Amino acid sequence: MIEKIKRVLEHENKFLVTTHVDPDGDAIGSMFGMYFFLKAIGKTVRVYLKDSVPYRYAFLPGPEKIEKDLKNLGQEVILVLDCGDIKRIGDEYNLLTEDRFIVNIDHHETNGMFGKINHVLKDASSTAEILYDIFMQFGAPITYEIALNIYTGIFTDTGSFRFPNTTEKCFRVCGEMLHFGVSPSYVAQMVYENHPRERFLLLSEVLRTLEVSEGGDVGIVLLTSEMFKKVNANYEHSDGFVEYIKEIKGIKVAILIRELENGKCKVSMRSKDNVNVGRICGKFGGGGHKNAAGCILEGKPEEVREKVKKVLSEEL
Ligand code: 5GP
Ligand code: MN
């Protein structure tokens, strides 16, 4: 598979790189890492991202121009990175019709295999780690820009080397990135110690809604539209709130339910050890990984909480 990808990257000249909406550090790191790699081997590269780069990843070096629509697509090879479901690149996914050459590189357990080439490694910590192996096939130099993006992808998708997807290889690849100038403390500061105060005002509202159920196994918090308004915060400020709930002793499943504009809610789930939230979110039409997954459900936050609790009480 990796040989096939190598051939495409070598023989084709024009590429468009993209990832999922609501992008995390692995999505952004993979996309920008691939951008700089392709530039380094002399290719023409476009980058498409429906959402903006979240403030916590704004320090990552990336292309000057990020395109926000797919309408003027040429004959580019489409590289979809870290995206388990083609619909998650945004509502213009339908412009990527059958005749498009899509290369799908990912590590989500629930990947839809929507590409002409599907390089999906469930056991990889991150898409950035998979890209590292691809880049190594070329003998091209790893630049600081590539290294910083790869490091950040692995670092964030392993929850700073805390989640069960953390392997020896993560440390080895990240260690190697230090040779190219990456500073772990700089990355940690940018990602974790660089928040606007609105985030904490919002967090104080959210924590008040904590409900622990299933005999202490499940912790759920809600984030309503009113809370966003009250503290003048936006969706981005709530990134990672679900991780705090996972820190509660004994919690097996942590859930954050965020109200969206359209009468729906975004549900984020995190689990410890053997509880598979990817499968649970799959039942609701979403997906993800065993220990980190999401889905979108109709209803107000309280209603969504009841729907989710019902399924969890059957599953746990
Ligand atoms: P988060 O809760 O941080 O948005 O997402 C956790 C993980 O689940 C990420 O790997 C993300 O890509 C995946 N994920 C989140 N929401 C969805 C969804 O609606 N559908 C699918 N297929 N995956 C999702
Ligand atoms: Mn990822």
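Residues numbered from 1 in each chain as written. Chains lettered and ligands numbered in written order. Predicted model: local features only at pLDDT ≥ 70, side-chain atom pairs only at ≥ 80, totals over all residues. Heavy atoms only, no water.

> Give a detailed account of the coordination of the manganese ion (ligand 2), specifying residues and quantitative values.
Within the protein, the manganese ion (ligand 2) binds to Asp26 (OD), Asp82 (OD), His107 (NE2) and Asp157 (OD); these donor distances fall in the range 2.2 to 2.3 Å. Sequence spacing of the donor residues for the manganese ion (ligand 2), all on one chain, is D-x55-D-x24-H-x49-D. Placement of Asp26 in helix α2 (residues 25-40) and of Asp157 in helix α4 (residues 144-157) is noted, with a sequence separation of 131 residues between them. You can call Asp157 buried: its relative accessible area is 14%. (Donors = N, O, S within 2.8 Å, 3.2 Å for Na, K, Ca; no water. Helix = DSSP H or I, 4+ residues; strand = E, 2+ residues; numbered from the N terminus. Buried < 20%, exposed > 50% of the residue type's maximum accessible area, 1.4 Å probe, protein only.)

> Give me the sheet that holds strand β6 (residues 211-213): which residues, what numbers.
Ordered by their spatial adjacency, 6 strands build an open sheet running β6-β7-β8-β9-β11-β10, and the pairing between neighbours is mixed. The open sheet has two edge strands, β6 and β10 (287-288), and neither has a second partner. The sheet contact formed by strand β8 (residues 253-259) and strand β9 (residues 264-271) spans 7 bridges and is antiparallel. When the bridges of β9 are listed, Arg258 appears paired with Lys266. (Pairing = 2+ DSSP bridges.)

> Which residues make up the site of ligand 1, and what values do they have?
Near ligand 1 you find 14 residues, and of these Arg88, His108, Lys266, Ser268 and Arg270 are the closest. At 2.7 Å, a side-chain N or O of Lys266 approaches an oxygen atom of ligand 1. One of the backbone N or O atoms of Gly287 is found 3.2 Å from a nitrogen atom in ligand 1. Coverage of ligand 1 by the protein chains reaches 87% of its 490 Å² of free accessible surface. Secondary structure elements with two or more residues in the shell around ligand 1: β9, β10 and β11 (292-298). Here the shell around ligand 1 gets 4 residues from one element, more than from any other, and that element is β11. Across the shell around ligand 1, the residue classes break down as 3 nonpolar, 7 polar and 4 charged. Residues from two domains meet in the shell around ligand 1; each of domain 1 (2-192) and domain 2 (197-315) gives at least three. (Near = heavy atom within 4 Å. Polar contact = N/O pair within 3.5 Å; in protein donor to acceptor, adjacent residues only side chain to side chain. Areas by Shrake-Rupley, 256 points an atom, 1.4 Å probe, with all protein chains shown as cover. Nonpolar A, V, L, I, M, F, W, Y, C, P; charged D, E, K, R; others polar. Domains from an automatic or database assignment.)

> Please provide a residue-by-residue account of the nonpolar core, values included.
Nonpolar side chains tend to gather and get buried jointly when the protein is soluble and globular. Counting 50 residues, the largest nonpolar core has Leu9, Met34 and Leu79 as its most contacted members. Take this core: its biggest share by element is 8 residues, from α2. What Leu79 contacts, discounting residues up to four positions off in sequence, is Leu9, Phe15, Leu16, Val17, Thr18, Met34, Leu38 and Val103. (Core = buried A, V, L, I, M, F, W, Y, C linked by side-chain atoms within 4.5 Å. Contact = heavy atoms within 4.5 Å.)

> Residues and numbers for the domain arrangement of the protein, please.
Each assigned domain of the protein is listed here: domain 1 (2-192) and domain 2 (197-315). Distance from the C-alpha centre of domain 1 to the C-alpha centre of domain 2: 26 Å. The interface of domain 1 with domain 2 comprises 12 residues on the first partner and 15 residues on the second. Around 1,100 Å² of area is buried between domain 1 and domain 2 when both sides are counted, 42% of it from carbon and sulfur atoms. Connecting domain 1 to domain 2 are 2 salt bridges. Of the charged contacts, one joins Asp22 and Lys266 as a salt bridge, the two residues approaching to 3.5 Å between their closest N and O atoms. (Buried area = accessible area lost by both parts, 1.4 Å probe. Salt bridge = Lys/Arg side-chain N within 4 Å of Asp/Glu carboxyl O.)

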